[in-house]
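Given next are the chains, with one letter for each unit.
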Amino acid sequence: MKTLLLSAYDAHSHKRWRKGLIDAFPKWQWAVLALPPRYFSWRIRGNSLTWARGEAARTLRQGWDLIIATSMIDLSALRGLVPEIAGVPVVVYFHENQFAYPASADTFRSIEPQLLNIYTALAGNLLLFNSEFNRRTLIDGAARLLKRFPDCVPAGVCEEMERKSRVLPVPLEDSLFIATRDAPRDSSVAWKHRWAQGYQGAVSAGVLVISWAARWEYDKGPDRLLCILQGLKAKGVDFLLNLMGQSFRGCPEAFKRIQRDFAQHLLAVGYVQDAETYRDTLRNSHVFLSTAYHEFQGLAVMEAAIAGCTPLVPDEQCYPEYYPEPLRYTGVADAVVKLASLAAQVREHSPLPRVEFETFSWKQQRRAYEDSLNHLVRKEDSANKTGVLGTSAEGSVPPIDTDRRETSNPTQ
């Protein structure tokens, strides 16, 4: 199948997904158009212009069996500017949506990104989401937005999006599961990349080692992380922390406070460039803590769970779909209590609870992707042959199995 993949804001998680997708279907003929993940406002509004009137125009007009686009694409404009793709079936993959993104106090909140989500959803033939939380917040958010407009709002917009939407998560690389089985813990390797201003002593087997990894931005909850650490310190919990992730200009003040006030609790700090070093850090941690206010699937938490960490996540957003109630916290105080309990288990050398994600591997998810994509192509091809061209993926789609197995103390 001749397939064009469009990624208008090619952030790390988007790039990871598209590379995995291409690797999963090596016999397909692929072409990729991707734009760098910067200048957000311009990128989401200007990608159709960049591609339709730039060097990529020739690629767009080549005659495709299928187009797979991320939700950052301005798809309605692109189909208008490049009429050759108007009849090509398009799958839109929503890694996130603009209705559930938390705004910082100093952010001007424009409705244009949300409207673009609606236009792209209506212009696509099949809408795929990485979680039900993502799907539901888009449809419900669109309904609320449309109610705000004074007149001329057509009926059935959200119902159309609902009919052609499905949940199909971002799969994880098969190599992660193999690496976890074959690589035992080796603390002498894990802590060679310590922060120079942090804890330099021996890492005792009875001390709770927590890992936190995300972009160093406000939506990942550094204020919540700071409060949790203060709570652990007040309760006298013995812990060490890997504070990992990429930082940017305008980094929230909470990160500076954590480095200042908890320096002697910090092991690795900042972005870990080498993937194997990062995974080794996870393998030698007991808990992976998320404090995010903005998460639609949470690949970092899943990867940590595969590496052997016990995940502890907020009881909100996408997390209730993937993690049992005992591993979700309702607030800072609850997180402190649960971390203190886990620290006691570590001291007593008791096994910690685990969550299994084997069903989220590409090996397990490939068939669901293949069925969904092939079904759409066959359906649209049949419609075109009978002279019917539509953008509504109504009709049956093979069921997608996104079940996961949860165990309290599995062996690995």
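Residues numbered from 1 in each chain as written. Predicted model: local features only at pLDDT ≥ 70, side-chain atom pairs only at ≥ 80, totals over all residues. Heavy atoms only, no water.

1. Let's talk about the overall build of the protein chain
Keep this limit in mind: Helix numbers and strand numbers start at the N terminus; a helix is a DSSP run of H or I with at least 4 residues, a strand a run of E with at least 2. With a 1.4 Å probe rolled over the protein chains alone, any residue whose accessible area is under 20% of its type maximum counts as buried; one over 50% counts as exposed, and the rest are partly exposed. It only takes one pair of heavy atoms within 4.5 Å for two residues to be counted as in contact. In these tables, accessible area is a Shrake-Rupley quantity obtained with a 1.4 Å probe, and a residue counts as shielded only by the protein chains included in the view.
Scanning the protein chain from N- to C-terminus turns up 15 helices and 14 strands. Here the protein chain, with 412 residues, has 53% of them falling under the buried criterion. Here the contacts in the protein chain between residues at least 6 apart in sequence split such that 78% fall between residues at least 24 apart. As presented, the protein chain carries roughly 18,500 Å² of accessible surface, and 52% of it is formed by carbon and sulfur atoms.

2. Here we look at the pairing of strand S9 (residues 266-270)
On a regular strand, each side chain points to the face opposite its neighbour's, so the side chains alternate between the two faces of the sheet. Convention followed: At least two bridges found by DSSP between two strands is the condition for calling them paired. If the strands point away from the viewer and the path from the first strand over the helix to the second runs clockwise, then the crossover is right-handed.
The element S9 is largely enclosed, with a buried count of four among its five residues. Looking at chain direction, strand S8 (residues 239-244) and S9 are connected through three bridges and run parallel. When the sheet's bridge partners are listed, Leu243 is paired in S9 with Val269. For the segment spanning S8, helix H11 (residues 253-261) and S9, crossover handedness is right-handed.

3. A few points about unusual backbone geometry
In this structure, Cys152 is a non-glycine residue whose phi angle is positive, near 60 degrees. Structurally, Cys152 is set in the loop between helix H6 (132-148) and helix H7 (157-163). A residue is classified by how much of its surface remains accessible, and Cys152, at 74% relative accessible area, is exposed. Residue Gln317 is not a glycine yet carries a positive backbone phi of 55 degrees. You can see Gln317 is positioned in the loop between strand S11 (310-314) and strand S12 (328-329).

4. Side note on the nonpolar core
Defined as follows: Here, the term nonpolar core denotes a set of buried Ala, Val, Leu, Ile, Met, Phe, Trp, Tyr and Cys residues that are joined through side-chain atoms within 4.5 Å.
In this structure, Tyr323 and Phe357 are the most contacted members of the largest nonpolar core, which totals 51 residues. Sorting the residues of this core by element identifies helix H1 (12-24), strand S3 (66-70), strand S4 (90-94), strand S5 (126-129), helix H8 (174-182), helix H12 (275-283), helix H13 (299-306) and helix H15 (362-385) as the ones contributing at least two each. With 41 residues, the next largest nonpolar core counts Tyr9, Ile85, Phe129 and Ile139 among its residues.

5. Some words on the confidence of the model for the protein chain
The condition that has to hold: Note on scores: pLDDT gives the predictor's confidence for each residue, bounded by 0 and 100.
For the protein chain, per-residue confidence averages 91 on the pLDDT scale, and residues scoring 70 or more make up 89% of the total. Ignoring residues within four places in sequence, the model shows residues 388-412, a span with pLDDT below 50, making 74 contacts including any to other chains.

6. Some details on the pairing of strand S7 (residues 208-213)
For S7, a buried count of six out of six residues is recorded, marking the element as mostly surrounded by other parts of the structure. Tracing the backbone out of S7, into helix H10 (residues 222-234) and back to the parallel element S8 gives a crossover that is right-handed. Bridge count between S7 and strand S10 (residues 287-289): two bridges; the pairing is parallel. Paired with Ile210 across the strands is Val287, a residue of S10.

7. A look at the sheet that holds S7
Sheet strands associate in pairs through backbone hydrogen bonding, adopting either a parallel or an antiparallel arrangement. Applied cut-off: To define axes, lines are fitted to C-alpha atoms, for helices over the stretch in contact only, and angles between the resulting N-to-C directions are given on a 0 to 180 degree scale.
On the basis of which strands lie adjacent, the open sheet formed by six strands has the order S9-S8-S7-S10-S11-S12 and parallel pairing. Each of the sheet's edge strands pairs with one partner strand only, and the pair in question is S9 and S12. Packing of H10 onto the sheet brings it into contact with S7, S8, S10, S11 and S12, and relative to S8 it is tilted by some 165 degrees.

8. Some thoughts on the pattern of salt bridges
Pairing of side chains with opposite charge becomes possible as their charged atoms draw close. Here is the rule we go by: Throughout this description, the term salt bridge denotes a Lys or Arg side-chain nitrogen within 4 Å of a carboxyl oxygen of Asp or Glu.
With the rule as written, the count across this model stands at 27 salt bridges. Linking Arg45 and Glu112 is a salt bridge whose minimum nitrogen-to-oxygen distance equals 2.8 Å. In this pair, Arg45 sits in helix H2 (residues 40-52) while Glu112 sits in helix H5 (residues 112-123), placing the two residues 67 residues apart along the sequence. Residue classification places Glu112 among the partly exposed residues on the basis of a relative accessible area of 38%. The network of salt bridges with shared partners includes Glu132, Arg135, Arg136, Asp140 and Glu162.

9. So, the packing of aromatic side chains
Applied cut-off: Geometry of aromatic contacts follows a simple scheme: Phe, Tyr and Trp rings, the Trp one being its six-membered ring, pair when their centres are within 6.5 Å, and the pair is stacked under 30 degrees between planes, edge-to-face over 60, tilted otherwise. A ring has a charge above it when a Lys NZ or an Arg CZ is no more than 6 Å from the ring centre and no more than 35 degrees off the ring normal.
Tallying each qualifying case throughout the model produces 14 aromatic pairs. Centroid distance Phe94 to Phe129: 4.7 Å. Interplanar angle 10 degrees. Geometry classified as stacked. Separated by 35 residues along the polypeptide, Phe94 in strand S4 and Phe129 in strand S5 bring together distant segments of the chain. Across the pair, Phe129 and Phe94 agree in class, each one buried. Ring geometry for Tyr322 and Tyr323: centres 6.4 Å apart, planes at 80 degrees, overall edge-to-face. By the ring-pair criterion, three or more aromatic residues cluster together here, those being Tyr319, Tyr322, Tyr323, Phe357 and Phe360. Sitting over the ring of Trp64, Lys2 keeps its end group 5.0 Å from the ring centre. Above the plane of the ring of Phe262 lies Lys233, whose end atom (NZ or CZ) is 5.1 Å from the centre.

10. Digging into the packing of H12 against H13
Relative orientation and spacing of two packed helices are given, respectively, by the angle between their axes and the distance between those axes. Basically, it comes down to this: Angle categories: roughly parallel below 35 degrees, roughly antiparallel above 145, roughly perpendicular from 65 to 115, and oblique for all the rest. For any pair of crossing helices, the crossing counts as left-handed if the nearer helix is rotated counterclockwise from the farther one by less than a right angle, and right-handed if it is rotated clockwise. Residues are grouped as follows: nonpolar covers Ala, Val, Leu, Ile, Met, Phe, Trp, Tyr, Cys and Pro; charged covers Asp, Glu, Lys and Arg; every other residue, Gly included, is treated as polar.
One can describe the packing of H12 onto H13 by two numbers: an axis separation of 8 Å at closest approach and a directional angle of 65 degrees. If you check the angle between H12 and H13, you find them roughly perpendicular. Crossing angle aside, the handedness with which H12 passes H13 is right-handed. Facing H12, whose interface residues are Tyr278, Arg279 and Leu282, H13 presents Ala300, Glu303 and Ala304. A per-class count over the contact of H12 with H13 returns four nonpolar, no polar and two charged.

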